[in-house]
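Spelled out, the chains give:
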Amino acid sequence: MPTSCPSCKSVRLYRHGMRDQHYVDAPHYGEPAVLLVHRRRWRCQDCSTLFPDPLPAIDEKRRATQRLVRYVRTRSLKYTFAEIGREVGLSDRSIRHIFDDLVRDLDTQFEFVTPRYLGIDEVKLIGKYRCILTNVEANTVYDMLATREMAGLRDYFRTFRNPKAVEVVTADLWNNYAVIAREFFPKALFVADRFHVQRMATNAVEAARKAVRRTLTQKRRIQLKDDRFVLLRHGHSLSPEQMTKLKSWGDQFPLLGAAWEAKERFFACWNTKSRAVAARELDAWAGSVTSDVRPYFAELLTAWSRRRDDILNYFDCPVTNAYTESINRLAKSINRMGRGYTLEVVRAKMLYDTNALEKGTMTRRVAVPVPDDDLGGLGMGKMGYARPERPTARQRLRYQTEFVYLGAHIPTLCDKLESGAFE
Ligand SMILES: [Zn+2]
């Protein structure tokens, strides 16, 4: 029974009949369940507000029991909204709302630390390119965005926490990322991802191969397709037999030989730790690309002339191979998660996977001064008193453990993805 009016706090209440209300409950014995509740209603004498008896354990907003909401939350990362909806007797939309609240709670509970080295990568998932933001140093996923288009990126980065903590942004040469870095991280160093730059050289050889293939008979085409990897591989990793194959293609089609050599010379420019040496060698390389293969290297040559500094910044701040490898692995395996889920679900499954999250969590001990008036004993309600003041000589320190969330550890995620844990 209510003791006062919810809107004016008056205690002059009158009974105002009964009403039957339905509340969806968690399934009983595998069947959707609905509770029928006879609820008394009250009218306030002073402001005439009409209201029902208070009901504990009910989520009024949803006309459901709190037990049902908990049930849906635990299942919403494992099953599709339609499946859960059928199971409990609610619409997909209602399930989605409960899921959205869950994600909001998770986002608050595990606030990831802003990366010092922010990686921007993309993966194709559920039919579109999605942005994956990573903490390069920790090898974790920081967040996942629905789009890599400008408007969506700007919306997201406008509310990015603590952007000044980002010292380096590393991304491929997609222009939007350079614009974002300039607008939102003006003081950060932009490093063009080496892997993407080098892939342009490999793509150039592939384009030359396709041009040659068009001139061949069916049988020879198949042969060239089979030998494709010989052309794309690094020269130093080829066996003598593969080298012979390569030489034979080069003799028959000088274009192929020239493209392969240009690619190899490009890769060789990266074998230095010095920015100045790399700049000199890459300039020499760009000048040496002969006119027959130039069209195939056009993308790379343009990138070198337009994004020279971004490319050279790699030599001041090399991103590790371990990171590059794990992000490539993630791009390959993440598609196993796509089936039947919305992007929001994929994001939450990935970011808040227990194992990946745990691997991406550090603990640290922080010293907190014990407030002067607290020295006599622990007063109730002062337990978590953690005002970060500079300790004075007189003050004692108390240590407490803090969790620092760095994101979802990428290799752990990949292991789970590849073992089918998310399917
Ligand atoms: Zn009232």
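Quick note: structure is the one above.
Reading guide: rules and limits
- Residues numbered from 1 in each chain as written.
- Predicted model: local features only at pLDDT ≥ 70, side-chain atom pairs only at ≥ 80, totals over all residues.
- Heavy atoms only, no water.
- Helix = DSSP H or I, 4+ residues; strand = E, 2+ residues; numbered from the N terminus.
- Rg over C-alpha atoms; globule rule 2.2 N^0.38 Å.
- Buried < 20%, exposed > 50% of the residue type's maximum accessible area, 1.4 Å probe, protein only.
- Contact = heavy atoms within 4.5 Å.
- Lys, Arg positive; Asp, Glu negative; His and termini not counted.
- Charge placed at Lys NZ, Arg CZ, Asp CG, Glu CD.
- Expected span 1.5 Å × (residues − 1).
- Donors = N, O, S within 2.8 Å, 3.2 Å for Na, K, Ca; no water.
- Tetrahedral: all angles 85-135°; square planar, octahedral: opposite > 155°, others 65-115°.
- Salt bridge = Lys/Arg side-chain N within 4 Å of Asp/Glu carboxyl O.
- Polar contact = N/O pair within 3.5 Å; in protein donor to acceptor, adjacent residues only side chain to side chain.
- Pairing = 2+ DSSP bridges.
- Arc of directions from axis to C-beta.
- Right-handed = clockwise from strand over helix to strand, strands pointing away.

Student: What's the story with the overall build of the chain in this structure? I'm lost.
Tutor: A tally of regular secondary structure across the chain gives 17 helices and 13 strands. The C-alpha atoms of the chain give a radius of gyration of 31 Å, which is well past the 22 Å a tight globule of 423 residues would have. Oriented by its inertia axes, the alpha-carbon framework of the chain measures out at about 100 × 65 × 35 Å. Buried positions account for 45% of the 423 residues belonging to the chain. Within the chain, contacts between residues separated by at least 24 positions form 62% of all contacts whose residues are at least 6 apart in sequence. Of the side-chain charges in the chain, 70 are positive and 51 negative, and the distance between the mean point of each set is 2 Å.

Student: Would you mind showing me how to read unusual backbone geometry here?
Tutor: Glycine aside, residues mostly have negative phi angles, and peptide bonds mostly take the trans form. The residue Ala-57 is not glycine, and still its phi comes out positive at about 65°. Within the element layout of this structure, Ala-57 appears in the loop between strand 3 (50-52) and strand 4 (58-59). In the Ramachandran plot, Asn-139 falls in the positive-phi region, its phi being about 60° despite a non-glycine side chain. With respect to the helices and strands, Asn-139 occurs in the loop between strand 7 (128-135) and strand 8 (140-145).

Student: I'm lost on helix 14 (residues 321-333) in this one. Help?
Tutor: Residues separated by three or four positions in an α-helix point in the same direction, a consequence of the helix having 3.6 residues per turn. When the terminal C-alpha atoms of helix 14 are compared, their 18 Å separation across 13 residues agrees well with the 18 Å that a helix rising 1.5 Å per residue should span. For helix 14, the set of buried residues is Tyr-323, Thr-324, Ser-326, Ile-327, Leu-330 and Ser-333. Buried residues along helix 14 sit against strand 6 (117-125), strand 7, strand 8, helix 6 (194-213) and helix 17 (410-418).

Student: Whenever I open this one, the coordination of the zinc ion confuses me. Can you help?
Tutor: Where a metal carries four tetrahedral donors, each ideal angle is 109.5 degrees; where it carries six octahedral donors, the ideal angles are 90 or 180 degrees. Note on the zinc ion: its protein donors are Cys-5 (SG), Cys-8 (SG), Cys-44 (SG) and Cys-47 (SG). The metal-donor distances range over 2.2 to 2.4 Å. Here the zinc ion is ringed by four donor atoms whose angles at the metal span 105 to 115°, and the overall shape comes out tetrahedral.

Student: Looking at this structure, how should I read the side chain of Asp-121?
Tutor: When you line up the elements, Asp-121 lands in strand 6. For the buried residue Asp-121, which engages in no salt bridge, the nearest side chain bearing the opposite charge is Arg-199, 8.4 Å off. Here Tyr-323 takes part through its side chain, which lies 2.8 Å from a polar atom of the side chain of Asp-121. If we ignore the near neighbours within four places in the chain, the residues touching Asp-121 are Arg-130, Cys-131, Ile-132, Thr-134, Tyr-177, His-196, Tyr-323 and Ile-327.

Student: Help me understand the pattern of salt bridges, please; the structure alone is not making it clear to me.
Tutor: Two side chains of opposite charge can pair, provided their charged atoms sit close to one another. On inspection of all chains with the given rule, the structure shows 31 salt bridges. Salt bridges sharing common partners tie together Asp-59, Lys-61, Arg-62, Asp-101 and Arg-104.

Student: Quick question: what am I supposed to make of the sheet that holds strand 6 here?
Tutor: Sheets are built from strands that pair by backbone hydrogen bonding, the pairs being arranged parallel or antiparallel. With mixed pairing, six strands are arranged side by side in an open sheet as 10-9-6-7-8-13. One side of each edge strand has no neighbouring strand; the edge strands of this open sheet are strand 10 (189-192) and strand 13 (408-409). Sheet topology note: the strand 6/strand 7 ladder contains eight bridges and is antiparallel. Paired with Gly-119 across the strands is Thr-134, a residue of strand 7.

Student: Explanation requested: helix 9 (residues 240-252) in the structure shown.
Tutor: For helix 9, which comprises 13 residues, the first-to-last C-alpha distance of 19 Å matches the rise-based estimate of 18 Å (1.5 Å per residue) to within 8%. Of all the positions in helix 9, only Gln-242, Leu-246, Trp-249 and Gly-250 are classed as buried. Burial along helix 9 is one-sided: seen end-on, the buried residues are contained in an arc of 100°. Exposed residues on helix 9 whose side chains face more than 90 degrees from its buried face are Pro-240, Glu-241, Thr-244, Lys-247 and Asp-251. Those residues of helix 9 that are buried are in contact with helix 7 (218-226), helix 8 (228-232) and helix 10 (254-268).

Student: Got a minute to help me understand the pairing of strand 6 in this structure?
Tutor: Looking along a regular strand, one sees side chains alternate from face to face of the sheet. The buried fraction of strand 6 is high, at seven of nine residues. For strand 6 and strand 9 (residues 168-171), the ladder comprises four bridges, and the chain directions are parallel. Bridging from a neighbouring strand, Leu-118 pairs with Val-169 of strand 9.

Student: Would you mind going over the environment of Arg-364 with me for this structure?
Tutor: Examined against the element boundaries, Arg-364 turns out to sit in strand 11 (residues 361-369). Residues Arg-364 and Ala-262, spaced 102 residues apart in sequence, show a C-alpha to C-alpha distance of 50 Å. In this structure, Arg-364 is in contact with Gln-400, Thr-401, Glu-402 and Val-404, ignoring residues within four places of it in sequence.

Student: What exactly am I supposed to notice about the pairing of strand 9 here?
Tutor: Burial of the side chains of strand 9 extends over both faces: Val-168 and Thr-170 are buried on one face and Val-169 and Ala-171 on the other. Direction of pairing for strand 9 relative to strand 10: parallel, over a ladder of four bridges. Note on strand 10: the bridge partner recorded for Thr-170 is Val-191. At this point the chain moves from strand 9, through helix 5 (residues 175-184), to the parallel strand 10, and the crossover so formed is right-handed.

Student: Could you clarify how one ought to interpret the environment of Leu-300 in this entry?
Tutor: Topologically, Leu-300 is positioned in helix 12 (residues 298-306). Remark: the alpha-carbon pair of Leu-300 and Ala-146, spanning 154 residues in sequence, is separated by 28 Å. What Leu-300 contacts, discounting residues up to four positions off in sequence, is Val-197, Met-200, Ala-201, Phe-266 and Trp-285.

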